[in-house]
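# Understanding the architecture of this molecule
Residue-level listing of the chains:
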Amino acid sequence: MSTSSQRRIDVAGLVIALLLLVLAGVVWWDMTKLQILSPYDLGPKVMPIVVSAGLTLLAIGNVIGALRGDLPARDSLDWKPIFLILGGLASLILLIAFGGGFMIGTAILFATTSAAFGRRAFLTDLLIGAVIAVLIYLLFGKLLTLSLPAGPLENLF
Amino acid sequence: MEAFTSLASGLAVAIQPMNLLFALIGVLLGTAVGVLPGIGPALTVALLLPITFKLDPAGSIIMFAGIYYGGMYGGSTTAILINTPGESASMATALEGNLMAKAGRGGPALATSAIGSFVAGTIATLGLTLLAPYLVEIAVSFGPEDYFALMCVAFVTVSATFGDSPVRGLTSLFIGLLLGLVGIDLLSGQSRLSFGVPELYDNIEVTTLAVGLFAVGEALYVASRRHIHEEKLEAVRGSLWMTKEDWKRSWKPWLRGTAFGFPIGALPAGGAEIPTFLSYATEKRLTKHPEDFGKGAIEGVAGPEAANNASAAGTLVPLLTLGLPTSATAAMLLAGFQQYGLNPGPLLFAEQPNLVWGLIASLFIANGMLLVLNLPLVGLWVKLLTIPQPWLYAGILVFATMGTIAANPSPVELIMLTVFGVLGFVMRRFDFPIAPVVVGLILGPIAESQLRRALSISLGDPMVLLQSPISATLLAIALIALLLPFFLKGLGRFKAVED
């Protein structure tokens, strides 16, 4: 446990509070662009106002919590697996966005996630991921006739 | 009685061979996915939702019933054998269950949880059958202002009242409400928080949010602390069967667990963790074998597991009769209904009685199937648990992304999934509850439209919220439930009775 029982200011808690405040601001700013059309309808503005006000209050609540050290103790963080997983997701998104189809991206995501959990057989996992992608394509695309983003590989089937 | 004639006609729907098959597939898939460590029932339903896209509504909702109960059962298997409850409701089961497994009594632990789930599920579904027509009758008289007030109660109880920290719970809820704002406002046709992105005009998909928070968030969280925390699977050794002594020690906890679980689940109070821990504490106090607690007492598995299942069936009461989801899983089921344009509530009972009662009848059938299938198949489920962790999470992420793009083939949807995954990771790390986000997203827009409907009927007079006695009472309850945890510190702590 990194934090001791004595009360210390929790910087991460303050950052969370700040983010909530930013969100509240975005909701408010977006609300100002709406128009009230019907005199009898409450209009689309009320809910954003409630949400924005609520988030502001909660930001204050989170600041108090952070100052009092109410947040739970955290374990140390290993960043490498996080980047591996997010990298896998990013490459899948990019491949789909630029017409690469989902199979290659899926294989990469499988391999990077597996590596994030400590496996050191990237190429084998890439192959396993590819096989799973083909199976899913056949199950989803052909059997359940759902449309999956296709690229050069998918068009072979 | 009226309820039983309705149930009988529902049974006629449910025992059609195709629907029996759907129920069976649902039960098997639900158990298989629910057994995987880190996957709770809500995620099980969310991950399997795409599979039902092309089925007809009745078949798909019947399959859902199976997935729901199967996922619950699978979760407790994992809790007993590796002590990683996929959700907080299985935490109490894991306490004694895992100790039993370590002591070589994993078989009886699984058996008492399977039979206890069956007993509790059957009694609670019976409760649902009897209670639903009455609630529907009351709900018919609800005006929009009463619905709005009811949703306020649900918002508060789900997020603030029973959690560890009301501020963190409410923060989660408001993030959900914020996400619920995104998209085109149906009454005025204007888009909110969409920033010109076409994919955002159609609102945020509940499944994308749930899969992001639960699957991607969980994967990131577990991976980030793998160097500290290692999971260990307990083998099932010895006999699977319960001895006479085990039966004698189990049947009362089953019934008491059901008595805790069903009413608390049926009240729009949300969360199966309260009844499970209440049951755990009660069994610990009443047991004739106090020396066993802390070493693997069968009462400590039988009671909480029954409470868990009874409360799961209980949450179906507000969901089906009022359209009010009070847990993440119930929110996923509601999303499943909505994909067919069906809105649970009193109207659905009137318009589609075969569908609703078919679903309720299927719950009985799914429950029976689970009992028959799970003990013989336990070897298979245990095999699923031995999938190496890297492949398990890689497979979960592949399936999660696949389901997301199958529902909506656009990279923007995947970006949202990733963002929600990061959100889920941060929330886990800082101990923000996740269910309120999902409930906020799905219930926020409904609450808003009820409020606006109420106020346009009253020509904009907000006093309508206080003039209806039902609405005024419910709002008062919501206010009390909101303020109580700030004054009574540690209302949520009674779940921390374990030592």
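Each value, and the rule that gives it
For every chain, the first residue of the written sequence is number 1, and numbering continues from 1 onward in sequence order. Chains and ligands are labelled by the order in which they are written, letters from A for the one and numbers from 1 for the other. In keeping with the model being predicted, local features are shown solely for residues with a pLDDT of at least 70 and side-chain atom pairs are shown and tallied solely at 80 or more, while totals for entire chains, interfaces and linings include all residues. Numbering of helices and strands starts at the N terminus; helices are DSSP runs of H or I of at least 4 residues and strands are runs of E of at least 2. Whether a residue is buried, exposed or partly exposed follows from its count of other C-beta atoms within 10 Å of its own C-beta, namely 20 or more, 12 or fewer, or something in between, respectively; the C-beta atoms are built from the backbone. Throughout, a residue-residue contact means that the two C-beta atoms, derived from backbone geometry, are no farther apart than 7 Å. Here pLDDT means the predictor's own confidence in every residue, given as a number from 0 to 100. What marks off one domain from the next here is an automatic or database domain assignment. One less than the number of residues in a helix, times 1.5 Å, gives the span that helix is expected to have.

### Examining the overall build of chain A
Helix and strand counts for chain A come out as 5 helices and 0 strands. Starting at the N terminus and ending at the C terminus, chain A contains elements arranged as α-α-α-α-α. When the 157 residues of chain A are sorted by exposure, 34% land in the buried category. Sequence-distant contacts, at least 24 apart, represent 60% of the contacts inside chain A between residues at least 6 apart.

### Quick look at the confidence of the model for chain B
Residues and elements named next belong to chain B. Per-chain confidence: chain B averages 86 in pLDDT, with 95% of residues scoring 70 or above. Taken together, the stretch residues 492–499 has pLDDT below 50 and engages in 11 contacts with residues farther than four places along the chain or on a different chain. What the predictor reports for the complex is a pTM of 0.88 with an ipTM of 0.90.

### Observations regarding the domain arrangement of chain A
Segmenting chain A into domains produces domain 1 (11–68) and domain 2 (79–156). Averaged C-alpha coordinates put domain 1 of chain A and domain 2 of chain A at centres separated by 37 Å.

### A closer look at the interface of chain B and chain A
Listed as interface residues are 53 residues of chain B and, on the opposing side, 59 residues of chain A. Per-element accounting of the side of chain B that touches chain A gives the leading share, 12 residues, to helix H17 (residues 389–407) of chain B.

### Brief notes about the environment of B:Ala366
All names here are of chain B. Here Ala-366 shows up in helix H16 (residues 353–385). Judged by C-beta crowding, with 29 C-beta atoms within 10 Å, Ala-366 ranks as buried. Sequence separation between Ala-366 and Leu-384 is 18 residues, and the spatial gap between their C-alpha atoms is 21 Å. The contacts of Ala-366, once residues within four sequence positions are left out, are Ala-23, Gly-26, Val-27, Ala-65, Gly-66 and Tyr-69.

### Section: helix H1 (residues 2–14) of chain B
If you check H1(B), its first and last C-alpha atoms are 18 Å apart, about what 13 residues at 1.5 Å a residue would give, namely 18 Å. Taken together, the buried residues of H1(B) touch helix H2 (17–35), helix H4 (57–82), helix H6 (106–140) and H16 of chain B.

### A short note on the environment of B:Leu385
Structurally, the position occupied by B:Leu385 is in helix H16. Considered as a pair, B:Leu385 and B:Pro37 are 348 residues apart in the sequence and their alpha carbons are 7.1 Å apart.

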